[in-house]
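# A look at the structure
Each chain, letter by letter, is given below.
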Amino acid sequence: NVIAALVKAGGDPNHADADGSLALHLAAAAGHADTCALLLESGSRFEADLDGDTPFHAAARNAHSSLAIELMGAAAVELEARGAGGATPLFCAASSGDLTLSSYLIGQGANVLSACDDGATVLHAAAAAGNAHLVSFLLQKGGDFSARTSSGLTPLHAASWAGRDAVIVALI
């Protein structure tokens, strides 16, 4: 394993790139669970990059639900931690259309009504991603159909802009 060899040779698992991302962020974004485990075992810190994204945000944003759940068990993950643009892990999961992870996070207490810096909610993200089942689930869990971004867009606008016909039907 290249990662193990690099760490054994003195490579620093906590070296950050110009954006503040660690190797753990990149491995999580790519869905490499074994690499994430190895980096954590090698002392990698579970911290936010310069945008506020943690490795958990990275896994959630890229629909790696099983890895994201593993990371929750391996590190103290804040359910409402704010990443790039004020996105929570639930927002990241919804933006990738990940019903499995979104359901898990809501079951753990994530706030379905949380909004990003621009006012976009989890329902906006799911609508734009195009997962009608996720949109229906979020509505059942209290998602706000009438929530507006700072520019006045509703989840219906997001679905329409993205051409998500099945989501439009679920929202109407």
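Calculation rules
Residues numbered from 1 in each chain as written. Predicted model: local features only at pLDDT ≥ 70, side-chain atom pairs only at ≥ 80, totals over all residues. Heavy atoms only, no water. Helix = DSSP H or I, 4+ residues; strand = E, 2+ residues; numbered from the N terminus. Rg over C-alpha atoms; globule rule 2.2 N^0.38 Å. Contact = heavy atoms within 4.5 Å. Areas by Shrake-Rupley, 256 points an atom, 1.4 Å probe, with all protein chains shown as cover. Disulfide = S-S within 2.5 Å. Buried < 20%, exposed > 50% of the residue type's maximum accessible area, 1.4 Å probe, protein only. Core = buried A, V, L, I, M, F, W, Y, C linked by side-chain atoms within 4.5 Å. Axes fitted to C-alpha atoms, helices over the stretch in contact; angles between N-to-C directions. Parallel < 35°, antiparallel > 145°, perpendicular 65-115°, else oblique. Left-handed = near helix turned anticlockwise from the far one by under 90°. Nonpolar A, V, L, I, M, F, W, Y, C, P; charged D, E, K, R; others polar. Salt bridge = Lys/Arg side-chain N within 4 Å of Asp/Glu carboxyl O.

Looking now at the overall build of the protein. Along the protein, the regular secondary structure elements total 11 helices and 0 strands. Along the chain direction, N to C, the helices and strands of the protein fall in the order α-α-α-α-α-α-α-α-α-α-α. Taking 16 Å as the expected radius of gyration for a compact globule of 172 residues, we find that the protein reaches 17 Å, a close match to that expectation. Here the C-alpha coordinates of the protein stretch approximately 60 × 30 × 25 Å along the principal axes. The contacts of the protein with a sequence gap of at least 6 include a subset with a gap of at least 24, amounting to 64%. About 8,200 Å² of surface is accessible on the protein, with carbon and sulfur atoms providing 54% of the total.

Right, let's talk about the state of the cysteines for a bit. Here, the word disulfide means a covalent bond between the sulfur atoms of two cysteines. Tallying each qualifying case throughout the model produces 0 disulfides. Of all cysteine sulfurs in the structure, the one in Cys-92 sits closest to Cys-116, which takes part in no disulfide; the separation is 7.6 Å. Given the relative accessible area of 11%, Cys-116 is considered buried.

Here the focus is the nonpolar core. Core analysis: the biggest nonpolar cluster contains 43 residues, and Leu-105 and Leu-138 have the highest contact counts within it. Beyond its immediate stretch of four places on either side in the chain, Leu-138 contacts Ile-106, Val-112, Val-122, Leu-123, Ala-126 and Gly-143.

Moving on: the packing of helix 7 (residues 99-107) against helix 9 (residues 132-140). A pair of packed helices is captured by two measures, namely the crossing angle of their axes and the spacing between those axes. With their axes 10 Å apart at the nearest point, helix 7 and helix 9 run at an angle of 15° to one another. Considering the angle they form, helix 7 stands roughly parallel to helix 9. The way helix 7 lies across helix 9 gives a crossing that is right-handed. On helix 9, the residues touching Leu-99, Ser-102, Ser-103 and Ile-106 of helix 7 are His-133, Leu-134, Phe-137 and Leu-138. Class assignment of the residues belonging to the contact of helix 7 with helix 9 gives a composition of 5 nonpolar, 3 polar and no charged.

Turning our eyes to something else, we now look at the pattern of salt bridges. Scanning all chains against the criterion turns up 2 salt bridges. For Glu-47, the salt bridge is made with Arg-45, and the minimal N-O distance between the two is 2.7 Å. The exposure class assigned to Glu-47 is partly exposed, which follows from its relative accessible area of 29%. With relative accessibility at 39%, the residue Arg-45 sits in the partly exposed group. Here Arg-61 and Asp-53 are joined by a salt bridge, their closest N and O atoms 2.8 Å apart.

As far as function goes, none of this settles anything; it's purely spatial.
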